[in-house]
Amino acid sequence: KEIEIYDLFKTLIIILKKLCDKNIYHLDIKPDNILVNKNTKEIKLADFGLACSKDKMKKTACGTRGYIAYEVLKDIKISCKADVFSMGATLYKLLTEKRIYEDYISYSKNPFPYYQKAFNNILNLDMKYLDYGMIITDMIAIHPEDRPTPTELLRRIKQIGNEEQDEEENQKYDKKNDIDILSYIENMMEDYDEDFYDSKKEFVEELINEYKHTRKINNLENKDIKKIEDKYNLKLSN
């Protein structure tokens with residue numbers, strides 16, 4: 001209660017992004033592993049005993065019940081999205097004082113009732129927490145492809161705080177402000193990592209959102225969408 005909720009969310013999401021950028025999977029993110037300095041209120045993530053790199057994948061489920069992502073329980077190939085879920089479950093616990101689930105066996109068999117209950121609990125929060133709750137509902141989505149990347153989460157949390165992007169980010173996105181969307185995507189594709197993103201489609205859609213956000217564009221023209229789809233052989237979401 002001594003920490004401003006905005007600072008808490010932003011710091012934990014920055015930590016999450018740094019892990020993902022370094023291709024590290026923590027796999028045990030939970031409130032007990034969040035450390036806070038009593039004097040400075042500095043926030044840190046601890047206990048990397050279960051952590052691994054993307055090159056050394058876990059073959060068995062691990063973590064703490066209530067914070068383990070669905071794909072980890074099902075022994076599906078994991079990505080940084082597993083930590084996105086765990087961080088979302090951690091933030092959910094901090095806001096509601098409840099775990100998303102207690103029995104991981106029941107959750108792994110049918111996670112939908114647990115998600116719906118968590119969603120309803122978030123809707124019943126005080127209105128001042130609603131924006132944060134909506135971020136959490138996306139972070140704890142059952143399937144990893146439905147969860148936002150840490151980059152998208154950081155952009156969303158900064159919008160809540162009415163922050164501008166960091167100067168370094170602005171330079172990255174605005175240095176070729178006059179180029180068209182297809183050229184923009186081509187320039188950024190060197191950042192694509194198939195082990196981080198669930199699909200090339202997800203990465204391209206995130207680039208499109210960043211392009212629109214930095215240029216204050218609501219929608220792309222149909223011809224531009226068609227060019228992107230043809231170039232990368234995919235079907236974009238509406």
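Here is a short report on the structure shown in this document. Since this is a predicted model, take the numbers as computed values, not measurements. Here the residue numbers are simple positions, counted from 1 along each chain's written sequence. In keeping with the model being predicted, local features are shown solely for residues with a pLDDT of at least 70 and side-chain atom pairs are shown and tallied solely at 80 or more, while totals for entire chains, interfaces and linings include all residues. Processing note: side-chain calculations cover all non-hydrogen atoms of the structure and skip hydrogens and water entirely.

1. What about the nonpolar core?
Okay, so step 1: Judged by nonpolar contacts, the single largest core of 49 residues is most densely connected at Phe-9, Leu-12, Phe-85, Ile-136, Met-139 and Ile-157.
Okay, so step 2: Strands are runs of DSSP state E lasting at least two residues, helices are runs of H or I lasting at least four, and both sets are numbered from the N terminus onward. Secondary-structure elements contributing two or more residues to this core are α1 (5-21), β3 (43-45), α2 (70-73), α3 (81-96), α5 (112-123), α6 (130-139) and α7 (150-160).
Okay, so step 3: The element that contributes the greatest number of residues to this core is α1, accounting for ten residues. What is meant by a nonpolar core is a set of buried Ala, Val, Leu, Ile, Met, Phe, Trp, Tyr and Cys residues, joined one to another through side-chain atoms within 4.5 Å. Exposure categories follow from relative accessible area, calculated using a 1.4 Å probe and restricted to protein chains: below 20% of the type maximum is buried, above 50% is exposed, and the middle band is partly exposed.

2. Quick word on the environment of Ile-228
Okay, so step 1: When you line up the elements, Ile-228 lands in helix α11 (residues 222-232).
Okay, so step 2: Residue Ile-228 is classed as buried on the basis of its relative accessible area, which comes to 0%.
Okay, so step 3: Sequence separation of Ile-228 and Ser-183 is 45 residues, and the distance between their C-alpha atoms is 9.7 Å.
Okay, so step 4: Two residues form a contact once any of their heavy atoms are found within 4.5 Å. Every residue in contact with Ile-228, bar those within four places of it in the chain, is listed here: Ile-181, Leu-182, Ile-185, Val-204, Ile-208, Leu-220 and Leu-236.

3. Topic: empty space enclosed by the protein
Okay, so step 1: In this analysis, the protein atoms alone were mapped onto a 1 Å grid. Cavities are point sets where a 1.4 Å probe fits without being able to get out; pockets are open sets with protein on both sides within 12 Å along at least five of seven lines; lining residues have an atom within 4 Å of a point. Grid points are joined across faces, edges and corners, and a volume is the space filled by probe spheres set on the points. Counted according to the given criterion, the structure contains one cavity of 30 Å³ or more.
Okay, so step 2: Here the largest cavity is characterised by a volume of approximately 60 Å³.
Okay, so step 3: Surrounding the largest cavity, 13 residues form its lining, Leu-27, Cys-62, Tyr-67, Ile-68 and Ser-86 being those nearest its centre.
Okay, so step 4: Sort the elements by how many residues they give to the lining of the largest cavity and α3 lands first, with three residues.

4. Topic: unusual backbone geometry
Okay, so step 1: For Asn-23, which is not glycine, the phi dihedral falls at a positive 55°.
Okay, so step 2: Relative to the helices and strands, Asn-23 is located in the loop between α1 and β1 (24-25).

5. What to know about the state of the cysteines
Okay, so step 1: To count as a disulfide, a pair of cysteine sulfur atoms needs to be within 2.5 Å. Taken as a whole, this structure holds zero disulfides when the rule is applied.
Okay, so step 2: The closest cysteine sulfur to the non-disulfide-bonded Cys-20 is located on Cys-80, 3.1 Å from its own sulfur.
Okay, so step 3: The class for Cys-20 is buried, based on a relative accessible area of 3%.

6. Points about the pattern of salt bridges
Okay, so step 1: In the sections that follow, a salt bridge refers to a side-chain nitrogen of Lys or Arg positioned within 4 Å of a carboxyl oxygen of Asp or Glu. As enumerated under the stated definition, the model contains 13 salt bridges in all.
Okay, so step 2: Glu-186 is the partner of Lys-231 in a salt bridge, and the nearest nitrogen-oxygen pair spans 3.5 Å. Of the two residues, Lys-231 is situated in helix α11 and Glu-186 in helix α9 (residues 181-188); the sequence distance between them amounts to 45 residues.
Okay, so step 3: Under the relative-accessibility criterion, Glu-186 is labelled partly exposed at 37%.
Okay, so step 4: Taking the shortest distance from any N to any O, the salt bridge between Glu-221 and Lys-223 comes out at 3.7 Å.
Okay, so step 5: In this structure Glu-221 comes out as partly exposed when scored by relative accessible area, which is 47%.
Okay, so step 6: Under the relative-accessibility criterion, Lys-223 is labelled exposed at 53%.

7. Quick look at α11
Okay, so step 1: Of the residues making up α11, those classed as buried are Asp-224, Ile-228, Glu-229 and Tyr-232. For α11, the buried positions fall inside an angular range of 135° around the axis, keeping them on one side. Residues of α11 that are exposed and point over 90 degrees away from its buried face: Asn-222 and Lys-223.
Okay, so step 2: Contacts from the buried residues of α11 go to α9 and α10 (200-215). Directions are taken from the helix axis to each C-beta atom, and the arc is the one they span.

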